[in-house]
Amino acid sequence: MTVGRTFLGAFIVVAMVLSSVDRAWSGPVEVMQGSEIFTPPPDSEIPAGPFGDLVRKGEKIFTQTGRFAGKYVGAENKMTCESCHLDRGRKPYSAPLWGAYVMYPRYRSKNHMVNKLDERIQGCFRFSMNGTAPPVTSDTVKALIAYSFWMSRGAPVGVRLKGAGLVKLPPPARPPSLFRGKKVYAARCALCHGAHGQGRTSHGGQVFPPVWGNGSYNKGAGFYKIDKLAGFIKMNMPLSKGDSLTDQESWDVAAYVDSQPRPADPRKLVRR
Amino acid sequence: MDGMSDDFIKGLIPEVIFPYSTPSRFGRIIGEIKNSDTHPGHRRLTGFRCPVRRRTMLKKVLSGIALSVLIAGGAAPPAGAVTLMAWGKHIAKEGNGTPGSTACMECHRLKGGGMPSIGAPRIAGQPRRYIAREIREVQAGKRYGPVMSGVVQNLSRRDIQAVALYYSRVHSPKIRDVGEPDPSHVSKGRRIATRGLWKKNIPACVQCHGPDGYGVPPLFPYIAGQNRTYLLRQLMAYAFLKRQDDPQGLMRGIARRLTPEERKAVAEYFSSLHPPDRDAP
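Residues numbered from 1 in each chain as written. Chains lettered and ligands numbered in written order. Predicted model: local features only at pLDDT ≥ 70, side-chain atom pairs only at ≥ 80, totals over all residues. Heavy atoms only, no water.

## Notes on the overall build of chain A
Here is step 1 of the chain: For chain A, the count of helices and strands is ten helices and four strands.
Here is step 2 of the chain: Reading the secondary structure of chain A in the N-to-C direction produces α-α-α-α-α-β-β-α-α-α-β-β-α-α.
Here is step 3 of the chain: Looking at chain A residue by residue over its 272 residues, the buried ones come to 50%.
Here is step 4 of the chain: Total accessible area computed for chain A in this model is approximately 13100 Å², and 60% of it derives from carbon and sulfur atoms. (Helix = DSSP H or I, 4+ residues; strand = E, 2+ residues; numbered from the N terminus. Buried < 20%, exposed > 50% of the residue type's maximum accessible area, 1.4 Å probe, protein only. Areas by Shrake-Rupley, 256 points an atom, 1.4 Å probe, with all protein chains shown as cover.)

See below:
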């Protein structure tokens, strides 16, 4: 119990520190003040009826993307939405859906235009899932939007909520090193993601997602940017022991993972 | 097998040389089969190929052995793993022959179904590397095991490999727990198992132990169909006692953050499931 409380205490302190970092980096966007991180509604409050069905369908696509939206997922890709958006898209600092929903539409430099959420979701399929963009009118996008909409119920709109997105780490003290990163990977990551980044399976199904190789995200994905991957790793990895790597270790291992082979950026493929 | 390099595995599993172990034991086995009477059970497994001139002596040796042993020895072990597999089965059945050695089947049963009434775990079909690793960790004192620590202390490294291979390949039906699980515990346990308790930074159990708790080889054991006394005892050992063999302390942290009711709920949930059929290697 004491340990649990200590852990919780440490978590809160870190969260407070990081929230100040957040403020410093977030530029013109207003950040929600206050100590509480938004709590999405519990599953038990998903209503009966057609809207609830759509929300539940969205959750299924979210957690078993290959099974319920397979035609938009790359042929060899083994990721799901939940691979990056932990706890079914609810966990703070792992790009939770409730943090994203209230921030769209918004301008993104990635494609130099104001994006709606459906366009953002298309990007996930194209890059992280190494597949094809589902049409905005497709059932897949409709269900995922409904799931995000329901999860952000009660959250203020148009502000960057605490715990939204990923943590932005301060620049590393030393330039990220693949050599050090490889050591961190072997000690802390390979248990689940495998020595060759292949992830792990159970009875034929993927359990731990591949972090490089043909089954992983492609070079157009957000995680192919070392700072984003480092921020994700820092707060979330290893699972259940987030914030146990130092900032430098997070930078190093992110650089190592992103230095490994993975599918090409589809925007840079030569069309013939 | 799974792409994990040997070096990496060695890093996870520090080789432990226990003062009482007899590392060369397995190297002598073949000789013992031919030349000594110390391993009559093992002799049975290859007995049909014994030269005729040794038959008489063989019969004398076997006269004291139960009929069941004679019958069990009749089946030819699968090709390719004859010696290690046979030795593993021998240890499971009769111990390794050192003074005070205990047969695994006394508690885990010959087919590895375990013994729910005393909390002896089901081990049939558990990954080979996992079984070997856990025995080593008990020997090293890193895994709390008041019973097992005495039982495994005379096992050599080769014995461990043999017994791990044997139990990873046997099949056993589920041995029923004592009494029925509490349905309210089961449903609460199911939520924790499949959804986690992320407010306390506890992922869903199945995120590491595989869908339905079927395990993720080589180092995440299956927990589906395991008996609830064992599961609860391990969660307690992780939380409060000296079970410290979990990689990176992952289970220690999670077990500590669960409340007593939550520990009981997940134990009852996974014990209510069916164990996996034998996993791929």
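Picking up after the structure, the text goes on.
## Digging into the interface of chain B and chain A
Here is step 1 of the chain: At the junction of the two partners, chain B supplies 34 residues and chain A supplies 31 residues.
Here is step 2 of the chain: Between chain B and chain A, a total of about 2800 Å² is buried, with carbon and sulfur atoms accounting for 61% of that surface.
Here is step 3 of the chain: Broken down residue by residue, the surface that chain B buries against chain A is led by Arg195, Trp198 and Gln248 of chain B, which jointly contribute 23%.
Here is step 4 of the chain: A salt bridge links Glu59 of chain A to Arg195 of chain B, with the shortest nitrogen-to-oxygen separation between them at 3.0 Å.
Here is step 5 of the chain: Counting the contacts that link chain B with chain A gives ten residue pairs in polar contact (both at pLDDT 80 or more).
Here is step 6 of the chain: Secondary structure elements with two or more residues in the side of chain B that touches chain A: α1 (6–12), α11 (183–195), α12 (206–209) and α14 (250–257) of chain B.
Here is step 7 of the chain: No other element matches the four residues that α14 of chain B contributes to the side of chain B that touches chain A. (Contact = heavy atoms within 4.5 Å. Buried area = accessible area lost by both parts, 1.4 Å probe. Salt bridge = Lys/Arg side-chain N within 4 Å of Asp/Glu carboxyl O. Polar contact = N/O pair within 3.5 Å; in protein donor to acceptor, adjacent residues only side chain to side chain.)

## What to know about the state of the cysteines
Here is step 1 of the chain: Applying the stated criterion across every chain yields a total of zero disulfides over all chains.
Here is step 2 of the chain: In this structure Cys192 of chain A is not part of a disulfide, and its nearest cysteine sulfur, from Cys208 of chain B, lies 5.0 Å away.
Here is step 3 of the chain: On the basis of relative accessibility, which here comes to 15%, the residue Cys192 of chain A falls in the buried class. (Disulfide = S-S within 2.5 Å.)

## So, α14 of chain B
Here is step 1 of the chain: Among the eight residues in α14 of chain B, six count as buried, and that is most of the element.
Here is step 2 of the chain: If you check which residues of α14 of chain B are buried, you get Leu250, Arg252, Gly253, Ile254, Ala255 and Arg257 of chain B.

## Things to note about the side chain of Asn154 of chain B
Residues and elements named next belong to chain B.
Here is step 1 of the chain: When you line up the elements, Asn154 lands in the loop between α9 (148–151) and α10 (157–169).
Here is step 2 of the chain: For Asn154, a relative accessible area of 19% gives the class buried.
Here is step 3 of the chain: A distance of 3.5 Å separates the side chain of Asn154 from the side chain of Thr98, its partner in a polar contact.

## Some words on the side chain of Ser240 of chain A
Here is step 1 of the chain: Mapping Ser240 of chain A onto the fold places it in the loop between α9 (226–236) and α10 (247–258).
Here is step 2 of the chain: If sequence neighbours within four positions are ignored, Ser240 of chain A has contacts with Asn201, Pro203, Leu250, Ile254 and Arg257 of chain B.

## Some words on the domain arrangement of chain B
All names here are of chain B.
Here is step 1 of the chain: Domain assignment breaks chain B into domain 1 (6–72), domain 2 (84–169) and domain 3 (183–271).
Here is step 2 of the chain: Just the C-alpha atoms count here: the centres of domain 2 and domain 3 sit 22 Å apart.
Here is step 3 of the chain: Surface buried jointly by domain 2 and domain 3 totals about 1700 Å² across both partners, of which 51% is contributed by carbon and sulfur atoms.
Here is step 4 of the chain: The largest share of the area that domain 2 buries against domain 3 comes from Tyr130, Arg133 and Tyr144, three residues that together contribute 30% of it.
Here is step 5 of the chain: Among the ionic pairs, Arg133 bridges to Asp245, the shortest N-O distance being 3.7 Å.
Here is step 6 of the chain: Joining domain 2 to domain 3, the criterion identifies 13 residue pairs in polar contact (both at pLDDT 80 or more). (Domains from an automatic or database assignment.)

## A short note on the confidence of the model for chain A
All names here are of chain A.
Here is step 1 of the chain: Chain-level statistics for chain A give a pLDDT mean of 87 and a share of 86% at 70 or above.
Here is step 2 of the chain: Averaged pLDDT values for the elements of chain A fall to 48 in helix α1 (residues 2–25) and rise to 96 in α10.
Here is step 3 of the chain: Long-range and interchain partners of residues 13–30, a stretch whose pLDDT sits below 50, account for 21 contacts in this model, where long-range means more than four residues apart. (pLDDT = per-residue confidence, 0-100.)

## A word on unusual backbone geometry
Here is step 1 of the chain: The omega torsion of the bond from Tyr104 of chain A to Pro105 of chain A falls at 0°, within 30 degrees of zero and hence cis.
Here is step 2 of the chain: Relative to the elements of secondary structure, Pro105 of chain A occurs in the loop between α5 (97–101) and β1 (106–108).
Here is step 3 of the chain: Each neighbour pair has its own omega, and for Met237 of chain A with Pro238 of chain A the value is -10°, a cis peptide bond.
Here is step 4 of the chain: Within the fold, Pro238 of chain A resides in the loop between α9 and α10.
Here is step 5 of the chain: Unlike most non-glycine residues, Asn201 of chain B shows phi in positive territory, near 60°.
Here is step 6 of the chain: Asn201 of chain B gets classed as buried once you look at its relative accessible area, which sits at 9%.
Here is step 7 of the chain: In this structure, Gln248 of chain B is a non-glycine residue whose phi angle is positive, near 60°.

## Some remarks on the pairing of strand β4 (residues 205–208) of chain A
Residue and element names in this part refer to chain A.
Here is step 1 of the chain: Pairing geometry for strand β3 (residues 200–202) and β4, over three bridges, is antiparallel. Each residue of the ladder has a partner; that of Thr201, found in β4, is Gln206.
Here is step 2 of the chain: The turn joining β3 and β4, which pair antiparallel and follow one another in sequence, is formed by two residues; a positive phi near 50° is taken by His203. (Pairing = 2+ DSSP bridges.)

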